[in-house]
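The chain contents come next:
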Amino acid sequence: GRATITAQILAERVSDSMAKAISLSENMMREDMQTKDYIDACTELYRRYGSIKAVSEELGLAASKVSQYVKFDRLVKPLQEMVKTGSLDLSTALRAQKAAQDQSGDVNENAALVFAREMKGMSGVQQRVMEKAAAQNPGAGADVVIEAARKQPKVKQIVVTISDALDQALV
């Protein structure tokens, strides 16, 4: 329904991964993308380039975000599904899986799901407390870890909004 659109004509055919990168970059400019789209593009480009830095530069995304997106493939299937459906954000899924890993790096899928459900309503700081409790109680069941995390000192997050003038006065 538009009289004109912004477009670019390429001199030659590009690879599927490059086409995906171009499409993602264009879409990022127009709308807020879904996590799944970022995961797909970053993972495919990471497989092609083998470097988070290269993907970050190609897409104009922060390297920390790219790193997070490419870790999606390492999630156990149930956590991947939760992220795909939007019932769990990627960073929470990664923390839940980390909490469910044993010392050899194997993941207990059931524990990962329990941790994910528990962490879902928590702040990032509270999730890290859960991760720490899991690290301090290797081999313990999810219920023991959750209880240990609840016994940690309570963490309160306070957000303060101040004016520019007050901010400058504090400097």
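Residues numbered from 1 in each chain as written. Predicted model: local features only at pLDDT ≥ 70, side-chain atom pairs only at ≥ 80, totals over all residues. Heavy atoms only, no water.

Undergrad: Which residues make up the layout of surface pockets, and what are the values?
TA: Considered as a void within the structure, the largest pocket measures approximately 350 Å³ in volume. Lining the largest pocket are 21 residues, and of these A99, A100, Q101, D102 and A134 sit closest to its centre. Contributing elements (two or more residues each) for the lining of the largest pocket: α6 (90-99), α7 (109-119), α8 (124-136) and α9 (142-150). It is α8 that provides the largest number of residues to the lining of the largest pocket, a total of 3 residues. Here the lining of the largest pocket is composed, by residue class, of 11 nonpolar, 6 polar and 4 charged. The computed volume of the second largest pocket comes to approximately 260 Å³. In terms of lining residues, the second largest pocket is bounded by S64, S67, Q68, K71, R74, L75, S91, L94, R95, Q97, K98 and Q101. Among the elements of the structure, α4 (63-70) and α6 are those that each provide at least two residues to the lining of the second largest pocket. Among the elements that make up the lining of the second largest pocket, the one with the highest residue count is α6 (5 residues). (1 Å grid on protein atoms, 1.4 Å probe; cavity = no way out; pocket = protein on both sides within 12 Å on 5 of 7 lines; lining within 4 Å. Points joined across faces, edges and corners; volume = space filled by probe spheres on them. Helix = DSSP H or I, 4+ residues; strand = E, 2+ residues; numbered from the N terminus. Nonpolar A, V, L, I, M, F, W, Y, C, P; charged D, E, K, R; others polar.)

Undergrad: Account for the pattern of salt bridges, naming residues and giving values.
TA: Oppositely charged side chains are able to pair whenever their charged atoms sit close together. Using the criterion set out here, one finds 7 salt bridges in the structure. Across the pair R95 and E131 runs a salt bridge, and its minimum N-O distance is 3.6 Å. Of the two residues, R95 is situated in helix α6 and E131 in helix α8; the sequence distance between them amounts to 36 residues. Here E131 ties to K98 by a salt bridge, and the two come within 3.5 Å at their closest N and O atoms. Of this pair, E131 sits in helix α8 while K98 sits in helix α6, placing them 33 residues apart in sequence. Several salt bridges converge on common partners, so that one network encompasses R95, K98 and E131. (Salt bridge = Lys/Arg side-chain N within 4 Å of Asp/Glu carboxyl O.)

Undergrad: So, the packing of helix α5 (residues 77-85) against α7: which residues are in play, and what are the values?
TA: Between α5 and α7, the shortest axis-to-axis distance is 9 Å and the interhelical angle comes to 30 degrees. It follows from the interaxial angle that α5 and α7 lie roughly parallel. Contacts from P78, L79 and M82 of α5 reach α7 at E109, A112, L113 and A116. For the contact of α5 with α7, the per-class residue count stands at 6 nonpolar, no polar and 1 charged. (Axes fitted to C-alpha atoms, helices over the stretch in contact; angles between N-to-C directions. Parallel < 35°, antiparallel > 145°, perpendicular 65-115°, else oblique. Contact = heavy atoms within 4.5 Å.)

Undergrad: How would you summarise the side chain of Q68 if you had to cite specific residues and measurements?
TA: Looking at where Q68 falls in the secondary structure, it is placed in helix α4. Ignoring sequence-local partners within four residues, the contact set of Q68 consists of L90, S91 and L94.

Undergrad: I'd like a rundown of helix α3 (residues 52-59), residues and numbers included.
TA: Of all the residues in α3, the buried ones are V55, S56 and L59. Here the buried residues of α3 occupy an arc of 100 degrees about the axis, which is enough to place them on one side. For α3, the exposed residues lying more than 90 degrees away from the buried face are K53 and E57. Looking one or two residues past α3, G60 carries a phi angle of roughly 75 degrees, positive in sign. (Buried < 20%, exposed > 50% of the residue type's maximum accessible area, 1.4 Å probe, protein only. Arc of directions from axis to C-beta.)

Undergrad: Could you give an account of α9, naming the residues involved and the relevant values?
TA: Burial in α9 covers these residues: A142, V145, I146, A148 and A149. One face of α9 carries all of its buried residues, which in axial projection span an arc of 160 degrees.

Undergrad: Summarise the packing of aromatic side chains; cite the residues concerned and give the values.
TA: Summed over all chains, the structure comprises 1 aromatic pair. Between Y38 and Y69, the aromatic rings sit 5.3 Å apart at their centres with planes inclined by 5 degrees, giving stacked as the arrangement. One end of the pair, Y38, is in helix α2 (residues 35-49); the other, Y69, is in helix α4, with 31 residues separating them in the sequence. Taking the relative accessible area as the measure of exposure, Y38 reaches 12% and is therefore buried. Residue Y69 is classed as buried on the basis of its relative accessible area, which comes to 9%. (Phe/Tyr/Trp six-rings, centres within 6.5 Å; stacked < 30°, edge-to-face > 60°.)

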